[in-house]
Amino acid sequence: MITWLVRVVIEGNFNTFDHLKMLEEFISQEFWQPGIPILSDDKRLSFEGVNIDVIRQASLNHQKYEPQIGDGKVSIVMNSITDFARGRPF
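Fair warning: this is a prediction, and the values are worked out from it, not measured in the lab.

Draft legend 1. A look at the overall build of the protein chain. Scanning the protein chain from N- to C-terminus turns up four helices and three strands. In sequence order, the protein chain lays out its α and β elements as β-α-β-α-α-β-α. Its C-alpha atoms give the protein chain a radius of gyration of 13 Å, near enough to 12 Å, the size a compact globule of 90 residues would have. When the backbone C-alpha atoms are referred to their principal axes, the protein chain occupies close to 40 × 25 × 20 Å. Looking at the 90 residues of the protein chain, the share that counts as buried comes to 29%.

Spelled out as structure tokens, the structure:
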């Protein structure tokens, strides 16, 4: 049973290239096990310019590594309800 979580602070402008790099970095860590819960602090992350195509690509990023990510829970802290609505799909 997993009794701890990984906390990540994300800042800057959201883009799918950095999103993919972040996922790859998670799963390449020595401590990583599929299903570890993640607390993602996205209060300093900007979604300016994010559209449905970006959201679709981010979803594909997750699908690509789904077996390695596992079925753990992800909690997201956002700056606004609008940003949460944009970031929620992925």
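Draft legend 2. Region of interest: the side chain of Asp 41. Note that Asp 41 resides in strand 2 (residues 38–46). In this structure Asp 41 comes out as buried when scored by relative accessible area, which is 10%. At 3.2 Å, the side chain of Asp 41 forms a polar contact with the backbone nitrogen of Lys 43. Excluding residues that lie within four positions of it along the chain, Asp 41 makes contacts with Arg 7, Val 8, Val 9, Ile 10 and Val 77.

Draft legend 3. Focus on the packing of aromatic side chains. This model, assessed by the stated rule, comprises three aromatic pairs. Arranged with centres 5.6 Å apart and planes meeting at 25 degrees, the rings of Phe 14 and Phe 47 form a pair that is stacked. Taken together, the residues Phe 14 in the loop between strand 1 (6–13) and helix 1 (16–28) and Phe 47 in the loop between strand 2 and helix 2 (52–64) connect sequence positions 33 residues apart. Of the two residues, Phe 14 and Phe 47, neither departs from the other in class, the shared state being buried. Where Phe 26 meets Trp 32, the ring centres are 5.7 Å apart and the plane angle is 50 degrees; that geometry is what we call tilted. With respect to burial, Phe 26 and Trp 32 carry one shared label: buried.

Draft legend 4. Representation of the sheet that holds strand 1. Reading across the sheet, the three strands line up as 1-2-3 and stay open at both edges, with parallel pairing between neighbours. Each edge of the open sheet is held by one strand with a lone partner, namely strand 1 and strand 3 (74–77). For this sheet, the mean angle separating the axes of adjacent strands, direction not counted, is 20 degrees. As paired strands, strand 1 and strand 2 are joined by seven bridges and run parallel to one another.

Draft legend 5. The arrangement of helix 2 in detail. The terminal C-alpha atoms of helix 2 lie 18 Å apart, and with 13 residues this matches the ideal 18 Å at 1.5 Å per residue to within 8%. Within the span of helix 2, buried status applies to Ile 55, Ala 58 and Asn 61. For helix 2, the angular spread of the buried residues around the axis is 110 degrees, confining them to a single face. Opposite its buried face, helix 2 presents the exposed residues Asp 53, Arg 56 and Lys 64, each directed more than 90 degrees away.

Parameters at a glance
- Residues numbered from 1 in each chain as written.
- Predicted model: local features only at pLDDT ≥ 70, side-chain atom pairs only at ≥ 80, totals over all residues.
- Heavy atoms only, no water.
- Helix = DSSP H or I, 4+ residues; strand = E, 2+ residues; numbered from the N terminus.
- Rg over C-alpha atoms; globule rule 2.2 N^0.38 Å.
- Buried < 20%, exposed > 50% of the residue type's maximum accessible area, 1.4 Å probe, protein only.
- Polar contact = N/O pair within 3.5 Å; in protein donor to acceptor, adjacent residues only side chain to side chain.
- Contact = heavy atoms within 4.5 Å.
- Phe/Tyr/Trp six-rings, centres within 6.5 Å; stacked < 30°, edge-to-face > 60°.
- Pairing = 2+ DSSP bridges.
- Axes fitted to C-alpha atoms, helices over the stretch in contact; angles between N-to-C directions.
- Expected span 1.5 Å × (residues − 1).
- Arc of directions from axis to C-beta.

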